[in-house]
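Now for the letters of each chain:
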Amino acid sequence: MLRRIRESSLLARLLPFTDLRVLRSILPTPVIAVLRRIRELGRSTRQLHLKTPAARRQAAEQELQALRVRPLISLVMPTYKTELRYLREAVNSVIAQHYPEWELILVDDGSDQPELLREFAAYAAAEPRVKFKALAENGGISAASNEGLALCAGEFVGFLDHDDTLTRDALLRVAQTLSADPELDVVYSDSDKLTIKNITADPFLKPDWSPVYALGAMYIGHLLVVRRAVAEAAGGFDPTYDTIQDFEFMLRVSERTDRIHHIPQILYHWRAIPGSIAAGTDQKSGVPELQAKAVSAHLERLSVDARAVPHASIPHRAVLAAANGSAASAKVSAVIAVGRRRGASERLLRSLLERSSYSHLEAIVVGSGEPLAGCEDARVQWVEADSALRRGPANNLGASRAGGEQLLFLDPECEVIETDWIEALMLHAGLPGVAAVGPMLVRPGGKVEQAGFAVGLRDPAAPMLAGFSADGDGYYGSMPCARDVSALSAECMLVAKAAFDGEGGFDEHYDSQYEDFDLCLRLGSRGLRCAYAPGARLLSHRSEAARRAANDIVDRALFVDNWYDLLSRGDPYFNPGFARQQADYVPAGWRERVYRATAPLGMR
């Protein structure tokens, strides 16, 4: 462990897996203050170096020379009665790109505005990389985009709305990504919004490719660059889905390739003007129904026995529902390790048996002494164990006695509050590649306890969305939408028994925690995925004091040592642009400004 600490780049990261309290226990306060000053000085120096346009151009030229391949990137921009000032900003943002191997395909969708056509002709005459086609009739954005796609000569094609803009380094970052991995088929980036007064706001810091999240939210958006052969094989854009055509297009693209890469940088400014979805999800009618239709068709093509419906209270988010007439039939074995919490275990068992509507359910209760009240139920099997048996070994023992195809691990501090929660977990367990599923755990006051776990922050694993309102949208749909996560807690986790047995169950070297996160990362290393399923909710009675008291520094060190390289890369489903203190989706710059304003003078 000490070797890991010595090799962890203290000056650059300030020990990402160690919170400030642990740092203070290792180093004196003056040393911490000096390290923080050195880090800030390094940041300031790097920013000053690229402050002037000349310095940025020089740096870009050096990066261009380092590229192994420089593919031609075709940008398709469909237009319709565009305001000239916005059109000029959009086109000029392409012409100003540091990366020179591009072409811009302008397709006017029957605007019938002479001043607009003159503007297009002027751009095409002045810049040979600009192509222009005017359509006689208005056919809609999908038809216009397909016309542009047919004119593309580039190996890769990107899409740009007629009033949005690119950052100057946008195509350079895409080219660098494609140069580093020529096998990629899709590249997308983070984005923000551009107000009427040209002020950037509302950054959208996206996760890496999450096929589960893509079922509920239009999160890919822009900048999106796709290998042209893949875009053509997918059939281009479908006019049936105009207004959400890019969302539906990406679903079909993902059916043909999983070589999808995320650039965690804001490369695209999405203009928020009246009438645009960027200005609000209520700006265009019919979006919820179209999204659900697109996702349902996608699931049918994947042979997934489920459909999508608009979320009941946040209709522009899609959620999974049972397909007409279908119901999960696999047997589920709930495993409860009693430990010292007999009263809590009896409450959990009673709520599980009385409130759960899932018919193919059995419960395996592992404990010592007299069986719990409720074990006389025919669905319950009592397994006698050593009173000193820890959580991991107890859960492994229970799993060995289970007869179900799915194992459902439950902590005694949980309580079942909804009838169809197992059905919701099983729906998401049926998605391709998903081996483990976890619900939303809520506190008695209605706040979120956990909605999946992120790894590689200041703590090796941190609960996502803790403290958020359980009925809110979270961060860009992260609350109501199912999504891929790196880890789940054994407080409630459904995992396929075949996958569990294939990994040898929980690692029994852990004493009281982290064995569940360790299992999830082992599943991930095999290409299997973990998913958060918001349609399932359980109540958590565990207090914050009890959670802090359960922290085990030895288990923590073991987990970090086992997964150091993965943790140091950060969580693929939690953008590196967020602050690392907690998984609460606060951009790092914002939290740093708050810290600097509130920290003691000697620590600023």
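Overview of the structure. Here the structure is a predicted model, which means the values were calculated and not measured. (Residues numbered from 1 in each chain as written. Predicted model: local features only at pLDDT ≥ 70, side-chain atom pairs only at ≥ 80, totals over all residues. Heavy atoms only, no water.)

Side note on the packing of aromatic side chains
Alright, step 1. Inspection of every chain in the model, using the stated rule, returns 21 aromatic pairs.
Alright, step 2. Relative to Phe249, the ring of Phe159 has its centre 5.8 Å away and its plane inclined at 75°; by these criteria the two rings are edge-to-face. With Phe159 in strand β4 (residues 156–159) and Phe249 in helix α11 (residues 245–254), this pair connects stretches of sequence that are 90 residues apart.
Alright, step 3. Judged by its relative accessible area of 1%, Phe249 falls in the buried class.
Alright, step 4. With 5.3 Å between their ring centres and 70° between their planes, Phe574 and Tyr585 make a pair best called edge-to-face. Within this pair, whereas Phe574 is found in the loop between α20 (564–569) and α21 (588–598), its partner Tyr585 is found in the loop between α20 and α21, the two being separated by 11 residues in sequence. Side by side, Phe574 and Tyr585 carry an identical accessibility label, which is buried.
Alright, step 5. Linked through ring pairs, Phe204, Tyr475, Tyr476, Phe574, Phe578 and Tyr585 together constitute an aromatic cluster. (Phe/Tyr/Trp six-rings, centres within 6.5 Å; stacked < 30°, edge-to-face > 60°. Helix = DSSP H or I, 4+ residues; strand = E, 2+ residues; numbered from the N terminus. Buried < 20%, exposed > 50% of the residue type's maximum accessible area, 1.4 Å probe, protein only.)

What about unusual backbone geometry?
Alright, step 1. Here the residue pair His222 and Leu223 is connected by a cis peptide bond, since its omega of -5° sits within 30 degrees of zero.
Alright, step 2. Within the secondary structure, Leu223 is located in the loop between β7 (200–204) and β8 (224–227).
Alright, step 3. Not every positive phi belongs to a glycine, and Tyr476 is a case in point at roughly 50°.
Alright, step 4. Mapped onto the elements, Tyr476 comes out in the loop between β20 (461–463) and β21 (483–485).

Considerations on the nonpolar core
Alright, step 1. Ranked by internal contacts, the top residues of the largest apolar core, which has 88 residues, are Tyr219 and Phe249.
Alright, step 2. Looking at this core, the element that brings in the most residues is helix α17 (residues 515–525), giving 5 residues.
Alright, step 3. If we skip the residues at most four places from it in the chain, Phe249 touches Phe159, Leu224, Val226, Ala231, Ala234, Gly236 and Phe237.
Alright, step 4. With 56 residues, the next largest nonpolar core counts Ala318, Leu361, Ala424 and Leu494 among its residues. (Core = buried A, V, L, I, M, F, W, Y, C linked by side-chain atoms within 4.5 Å. Contact = heavy atoms within 4.5 Å.)

Some words on the side chain of Arg317
Alright, step 1. Along the chain, the position of Arg317 falls in the loop between β10 (306–310) and β11 (318–322).
Alright, step 2. When its relative accessible area of 10% is taken as the criterion, Arg317 is described as buried.
Alright, step 3. Looking at Arg317, its side chain comes within polar contact range of the side chain of Asp473, at 2.9 Å. (Polar contact = N/O pair within 3.5 Å; in protein donor to acceptor, adjacent residues only side chain to side chain.)

Section: the pattern of salt bridges
Alright, step 1. Tallied over the entire structure, the rule returns 34 salt bridges.
Alright, step 2. In this structure, Arg129 engages Glu127 in a salt bridge whose closest nitrogen and oxygen atoms are separated by 2.9 Å.
Alright, step 3. One salt-bridge network, in which partners are shared between bridges, spans Glu155, Asp185, Arg227 and Arg259. (Salt bridge = Lys/Arg side-chain N within 4 Å of Asp/Glu carboxyl O.)

Some details on the packing of helix α6 (residues 84–95) against helix α7 (residues 114–126)
Alright, step 1. Two numbers describe how α6 lies on α7: the axes approach to 11 Å, and their chain directions differ by 15°. By the angle between their directions, the pair α6 and α7 is classed as roughly parallel. Seen from above, α6 lies across α7 with right-handed handedness. Contacts between α6 and α7 involve Leu84, Leu87, Arg88, Val91, Asn92 and Ile95 from the former and Glu115, Leu116, Glu119, Phe120 and Tyr123 from the latter. (Axes fitted to C-alpha atoms, helices over the stretch in contact; angles between N-to-C directions. Parallel < 35°, antiparallel > 145°, perpendicular 65-115°, else oblique. Left-handed = near helix turned anticlockwise from the far one by under 90°.)

Side note on helix α8 (residues 141–151)
Alright, step 1. Regarding α8, the residues found buried are Ser142, Ala144, Ser145, Gly148 and Leu149. Down the axis of α8, the sector holding all buried residues measures 160°, keeping them to one side.
Alright, step 2. At its buried positions, α8 is contacted by β1 (73–79), β2 (102–108), β4, α10 (228–233) and α11. (Arc of directions from axis to C-beta.)

Scope: geometric values only; no functional claims are made or implied.
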